[in-house]
Amino acid sequence: MKRDSFSSRMGVLAAAAGSAIGLGNIWRFTYLMGDNGGAAFFLIYLASVILIGLPIMIAEFTIGRNTQKNPIGAFKSLVPKSAWPLTGWLGIIAAFSVLSFYGVVGGWTLYYLVRSVSQSFLQFSPDQYATIFTNYIENPLIPILTQLIFMGLTFAIVVRGIQSGIEKYSKLLMPLLFLIVILIDVVALTMPGAGEGLAFIFKPDWSKVDMKVIVMAVGQAFFSLSLGMGTMLTYASYIGKQQDLKKTALQVTVADTLVAVLAGVAIFPAVFSFNIDPTSGPGLVFITLPAVFGKMPFGQIVGPAFFLLLAIAALTSAISILEVLVAYFGEELKWGRKKATIISTVLLTLIGMIASLSNGIWNNDAFFGMNFMDFLGAFSSNYCLPIGGFFIAIFVGWRMKPEWSNQELLIGAKNARGNKLVLWLLRTLVPAAIIVVFLSGIGVIG
Ligand code: PFF
C-alpha cells in the first residue's frame, strides 16, 4: 500500500482532534460525571489528562512519526526481534473491541437523529423515552441496520485514504461539530435553573470521590484522548517533519477537553432546570435528553442538532480506529487499501452485530457478569488502553534511545523546551500512576 500523508497542519489537527472528540466526550464523559460527583470527577479527570494523557499522546506521536509505520510495524522497525511488537498487537485487539461496540452506538446516534426530526418525537413522557430506548436496542434488526449504515459511512471515508478521505472529512466535520455544540450551549445557558447545572459541573463534591472514581477518570482520559491502542501513533505516521509534535498534542488535548466541558454545559443546565436526576448512566443522552429537548425553547431544532453532533463526533473517531487496522493490514500483509478496508469493516461489523444482539435476544451476563457489548467497552478501556499506554510510556521513556526521541520531538519545534519534562513523566509518574490505577481497578489494592 502506497503511503499517503496529511497535507496541512490544519488537516492533522482536525483529524487528531476528530479522533479524540467522540462519543467519549459527549455520551460517556457526561454520564460518568453525572454518576461520580460532577466537578470533583472533572478535576481528577483534568489532572489525568495533563499528567498522564498528554505525555502518552506525545509518546505515540513520537513513535509514529519517527517510524512512519502502523503500530506493529513501528515497534518491529525500532527494535527488531523483540517482544515490543506485542504492544502493537494489543492495539489491534483493542481497535477491534472498541470499534465493534462503537459502531453500534454510532448507529444509535443515527437512529435518534432521524427520529428526533419528527414533530411527535419530542412529546413523550420520560418513562416513554426509556421504553423507546430499550425497545430499540433490544430489537434484533433495527440497531443492526443503523450500525450497518454507520459502519458504511466509516468505510466510505477511510477507503478514500488519508488526504482525500480522513483529512478532507475531518476538516469539514470538526468545525461543524464546534458550531453545533456552541449553539446548544447558548440555548442551554439561557434556561431558568441553568446555574444549578453549572454548579454541578464546576463546584466539586468531594464526598463521592473514592479510588473507583479515580480509576474511572483515568480510564476516561485514555478513552477520550484515543490513547493506548496506536490510533495517535498511526495518525502521526502520516504527519510531516515540519510539524511540532508537542504543540499538536497540546492543541488536540485542549480541544478534546474543551468539547467535554461544552458538552457538559449543553447537558447539565437543561437537566437541572427540569429537575431531572443527572445520575442516569449510559441512558443519559438517549433517555433523559429527549425529555429535556421536549421542554426546552427551540427543542425542535436543538434535539436533532444534538444527535447530529453526536453522530459527527462518533464518525470522526470511528474512522481513526478503522485506519489503525487498515494501516496494519495494508503494510504488514501488503493488502491494498480497498481490500484492507473492506475486510476490516466486515470483521468489525460482524463482531458489532453480536454486541448489538447482546442487548436483546442474546442478552446474558456470560462475560464476567456483563453482556458482550458492555464487556467490549470495559475490556478495552479498563485493560487494553491502560496496558498499551503503559508500554508506550515505558518504550519512549526507557527503551527508545533518548537521542531519537529527543530528536523527533525537536523536528519542527522551535526549541527543546518541555522535552525533558515529558520524558521524565514518561519514565516515572505515568507508568507508576497506571500501575496503581490498574491494580486498584482489578481490585488488588485500594
Ligand atoms: N476518543 C474517542 C472518544 O472519545 O469517543 C474514542 C476512541 C477513539 C478511543 C480511538 C480509542 C481510540 F483509539
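Rules of the game
- Residue numbers here run from 1 along each chain, matching the order of that chain's written sequence.
- Only residues with pLDDT of at least 70 get local features here, since the model is predicted, and only at 80 or more are side-chain atom pairs given and counted; chain-wide, interface and lining totals rely on the full set of residues.
- In computing side-chain values, all of the structure's heavy atoms are included and hydrogens and water are not.
- Only DSSP runs of H or I reaching four residues or more are called helices, and only runs of E reaching two or more are called strands; each is numbered from the N terminus.
- The atom set for the radius of gyration is the C-alpha atoms, and the globule formula is 2.2 Å times the number of residues raised to the power 0.38.
- A simple rule labels every residue: compare its accessible area, found with a 1.4 Å probe on the protein chains alone, to the largest value its type can have, and call it buried under 20%, exposed over 50%, or partly exposed in between.
- In this description, contact between two residues means that some pair of their heavy atoms is separated by no more than 4.5 Å.
- For each residue, the test is whether any non-hydrogen atom lies within 4 Å of the molecule or strand; if one does, the residue is near.
- Pairs of N or O atoms within 3.5 Å make up the polar contacts considered here, provided that, within protein, one atom can donate a hydrogen while the other can accept it, and that residues adjacent in sequence are counted only when both atoms are side-chain atoms.
- Surface accessibility follows the Shrake-Rupley procedure with a 1.4 Å probe radius. Residue values consider only the protein chains on display as shielding.
- When residues are grouped by polarity, Ala, Val, Leu, Ile, Met, Phe, Trp, Tyr, Cys and Pro land in nonpolar, Asp, Glu, Lys and Arg in charged, and all others, Gly among them, in polar.
- For a helix, the expected span equals 1.5 Å multiplied by the number of residues minus one.
- By definition, no residue in a patch forms a salt bridge, and every one has over 30% relative accessible area; like charges are joined within 9 Å, nonpolar side chains (Val, Leu, Ile, Met, Phe, Trp, Tyr) within 5 Å.
- For this document, the term salt bridge refers to a Lys or Arg side-chain nitrogen within 4 Å of an Asp or Glu carboxyl oxygen.
- Nonpolar cores are built from buried Ala, Val, Leu, Ile, Met, Phe, Trp, Tyr and Cys residues. Side-chain atoms within 4.5 Å join them into one set.
- Planes of paired rings set the category: under 30 degrees apart is stacked, over 60 is edge-to-face and the rest tilted, where pairs are Phe, Tyr or Trp rings (Trp by its six-membered ring) whose centres lie within 6.5 Å.
- Over a ring means this: the NZ of a Lys or the CZ of an Arg is within 6 Å of the ring centre and within 35 degrees of the ring normal.

Observations concerning the overall build of the chain
- Secondary structure assignment for the chain yields 19 helices and zero strands.
- A compact globule built from 446 residues should have a C-alpha radius of gyration of about 22 Å, and the chain, at 21 Å, falls within 12% of that.
- Taken along the three principal axes of its C-alpha coordinates, the chain extends 60 × 45 × 45 Å.
- Scored against the burial criterion, the 446 residues of the chain give a buried share of 60%.
- Within the chain, counting contacts between residues at least 6 apart in sequence, those at least 24 apart form 83% of the total.

Quick word on the site of the ligand
- Near the ligand there are 15 residues, and of these G24, Y102, F223, S226 and T231 occur at the shortest range.
- S19 places a polar main-chain atom, nitrogen or oxygen, 3.2 Å from a nitrogen atom of the ligand.
- Here a nitrogen atom of the ligand and a side-chain polar atom of S226 are 3.0 Å apart.
- Protein chains shield 100% of the accessible area of the ligand, which is 340 Å² for the free molecule.
- Elements with a minimum of two residues in the shell around the ligand: α1 (9–20), α2 (23–35), α10 (211–224) and α14 (299–332).
- When its residues are assigned to classes, the shell around the ligand shows six nonpolar, nine polar and no charged.

With respect to α1
- Here α1 is 12 residues long and its end C-alpha atoms lie 17 Å apart, about the 16 Å a rise of 1.5 Å per residue gives.
- Among the 12 residues of α1, 10 are classified as buried, and the element is accordingly described as predominantly covered.
- Looking only at α1, the buried set comprises G11, V12, L13, A14, A15, A16, A17, G18, S19 and A20.
- Turning to α1, the residues buried within the fold contact α2, α8 (162–189), α10, α11 (231–236), α12 (245–273) and α14.

Quick look at a nonpolar patch on the surface
- On the surface, a cluster of nonpolar side chains totalling about 480 Å² of accessible area is made up of I50, L51, L421, W424 and L429.
- Of all the secondary-structure elements, those providing two or more residues to the nonpolar patch are α3 (39–67) and α18 (419–427).
- Residue position: I50 is located in helix α3.

Structural notes on the pattern of salt bridges
- Inspection of every chain in the model, using the stated rule, returns six salt bridges.
- Put simply, E167 and K171 hold a salt bridge, and the shortest N to O gap is 3.5 Å. Placement of the pair is E167 and K171 together in helix α8, with a separation of four residues, close to one helical turn.
- Of the charged contacts, one joins E408 and K241 as a salt bridge, the two residues approaching to 3.2 Å between their closest N and O atoms. With a gap of 167 residues between them, E408 in helix α17 (residues 402–410) and K241 in the loop between α11 and α12 connect regions that are remote in the sequence.
- Of the residues examined, K241 reaches a relative accessible area of 34% and is grouped as partly exposed.
- Ionic contacts of the salt-bridge type, sharing partners, join the residues R65, K241 and E408 into one network.

Notes on the side chain of S224
- Following the sequence through the fold, S224 ends up in helix α10.
- On the basis of relative accessibility, which here comes to 1%, the residue S224 falls in the buried class.
- In terms of polar contacts, S224 uses its side chain to reach the side chain of N25, at 3.5 Å.
- A distance of 3.3 Å separates polar atoms of two side chains, one belonging to S224 and the other to Y45.
- Residues contacting S224, with those up to four places away along its chain left out, are A20, N25, Y45 and D256.

Some words on the nonpolar core
- Ranked by size, the top nonpolar core spans 159 residues in total, and within it I63, F286 and F306 carry the most contacts.
- Every residue in contact with F306, bar those within four places of it in the chain, is listed here: I26, I184, I267, V285, L289 and F293.

With respect to the packing of aromatic side chains
- Taken as a whole and judged by the stated rule, the model has 41 aromatic pairs.
- Measuring from ring centre to ring centre gives 6.3 Å for Y102 and F223, while their planes differ by 50 degrees; the resulting arrangement is tilted. Pair noted here: Y102 is in helix α5 (residues 85–117) and F223 is in helix α10, with a separation of 121 residues, a long-range link.
- Y102 gets classed as buried once you look at its relative accessible area, which sits at 4%.
- Owing to a relative accessible area of 11%, F223 belongs among the buried residues under this scheme.
- Ring centres 3.7 Å apart and planes at 5 degrees place the aromatic pair Y111 and Y136 in the stacked group. Placement of Y111 in helix α5 and of Y136 in helix α6 (residues 126–138) is noted, with a sequence separation of 25 residues between them.
- Lying across the ring of F223, R28 places its NZ or CZ 4.7 Å from the centre.

Scope: geometric values only; no functional claims are made or implied.
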